Amino acid sequence: MDKKIILHIPHSSTNIPLSEGYLVDFITLEKEILKLTDWYTDDLFYSKDDEMIVAEFSRIFCDPERFTDDSQEVMAQSGMGVLYEKSDNGEEIRTVTPELKEKILKSYYWKHHHKFSQAVQNHLDFYGKAVIIDCHSYPSQPLKRDLDKNPKRPDFNIGTDSFHTTKELIDISVSFFEKAGYTLGIDWPYSGSIVPIEHYHKNKNVSTIMLEINRALYLNEL
């Protein structure tokens, strides 16, 4: 194996593979996709030397970074749990029945996580450790449903996990962006970083850090 890092890219796709349950027309859905997609992160984080796990469906359809259990997912209170039922503006966009949720989780969510988990396991088997970079971008101004409403946002952000993010990963990030002349948030405006559930807060050999780019650095935002 010659892939040293796992790049998890969950929000770059605009694909809605199944229209079942949606209450709004495609134009309305397209506006939400435009607003919430982490545009071009599959290109920005591209690396032929590392292993890329890229979700093949839009987060508007199924968000692979949300807990499937709504009681564990804070964004479910806003109708934006693992399957978004509301837009960022609070508009009802989809009705999700238990049957539809099971169908989507089985056919999309769990397949993505199986691929991600297998990549982590392969790295553990080969190297004895796995390093994950959770790759995102974010709008320069807070979304309506964002928990952090501070309009002043850094150029980049790293998200950490108290168990899985090492001090070394944080120090390397701080040093790199400081030398490059960029501002850096630490768990601001977003926090956390993904780990497969079977290793979550159990296996110190799985390290993770989230890296996010302010979209104002590379997009003309609408």
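Figured I'd write up the structure that's included with this text. (Residues numbered from 1 in each chain as written. Predicted model: local features only at pLDDT ≥ 70, side-chain atom pairs only at ≥ 80, totals over all residues. Heavy atoms only, no water.)

1. Notes on the packing of aromatic side chains
Any pair of aromatic rings gets described here by the distance separating the centres and the angle formed by the planes.
Inference 1: What the rule picks out here adds up to 10 aromatic pairs.
Inference 2: Relative to Tyr-108, the ring of Phe-57 lies with its centre 6.0 Å away and its plane at 75 degrees, an arrangement referred to as edge-to-face. Here the residue Phe-57 occupies a position in the loop between strand S2 (51-54) and helix H3 (98-127), and Tyr-108 occupies one in helix H3, the gap between them amounting to 51 residues.
Inference 3: Geometrically, the ring pair formed by Phe-126 and Tyr-127 is edge-to-face, given 4.9 Å between the ring centres and 80 degrees between the ring planes. (Phe/Tyr/Trp six-rings, centres within 6.5 Å; stacked < 30°, edge-to-face > 60°. Helix = DSSP H or I, 4+ residues; strand = E, 2+ residues; numbered from the N terminus.)

2. Description of the state of the cysteines
Inference 1: Applying the stated rule across the entire model yields zero disulfides.
Inference 2: Not part of a disulfide, Cys-62 finds its nearest cysteine sulfur in Cys-135, a span of 19 Å. (Disulfide = S-S within 2.5 Å.)

3. Let's talk about the pattern of salt bridges
Inference 1: With the rule as written, the count across this model stands at 12 salt bridges.
Inference 2: A salt bridge links Lys-103 to Glu-20, with the shortest nitrogen-to-oxygen separation between them at 3.0 Å. With Lys-103 in helix H3 and Glu-20 in the loop between strand S1 (6-9) and helix H1 (26-36), this pair connects stretches of sequence that are 83 residues apart.
Inference 3: Take Lys-103: its relative accessible area is 40%, and that puts it in the partly exposed class.
Inference 4: In this structure Glu-20 comes out as partly exposed when scored by relative accessible area, which is 38%.
Inference 5: Where Asp-88 meets Lys-35, a salt bridge forms, and the shortest distance between an N and an O atom there is 3.3 Å. Here Lys-35 lies in helix H1 and Asp-88 lies in the loop between S2 and H3, a separation of 53 residues in the sequence. (Salt bridge = Lys/Arg side-chain N within 4 Å of Asp/Glu carboxyl O. Buried < 20%, exposed > 50% of the residue type's maximum accessible area, 1.4 Å probe, protein only.)

4. Some words on unusual backbone geometry
Inference 1: A cis amide bond, omega 15 degrees, links Trp-188 with the succeeding residue Pro-189.
Inference 2: Tracing the backbone through its elements, the reader meets Pro-189 in the loop between strand S5 (184-186) and strand S6 (206-214).
Inference 3: We note that His-201 has phi near 55 degrees; this positive angle belongs to a residue other than glycine.
Inference 4: If you trace the backbone, His-201 turns up in the loop between S5 and S6.
Inference 5: In this structure His-201 comes out as partly exposed when scored by relative accessible area, which is 36%.

5. A few points about the nonpolar core
Inference 1: Among the nonpolar cores identified, the biggest contains 21 residues, and Leu-36, Ile-60, Phe-61, Cys-62, Val-82, Tyr-84 and Ile-104 are the most heavily contacted of them.
Inference 2: Of all the elements in the fold, those that place two or more residues in this core are H1 and H3.
Inference 3: Take this core: its biggest share by element is four residues, from H3.
Inference 4: Leu-36 has contacts with Arg-59, Ile-60, Met-80, Tyr-84, Leu-143 and Arg-215, leaving out every residue within four places of it along the chain. (Core = buried A, V, L, I, M, F, W, Y, C linked by side-chain atoms within 4.5 Å. Contact = heavy atoms within 4.5 Å.)

So yeah, pure geometry; function would need other evidence.
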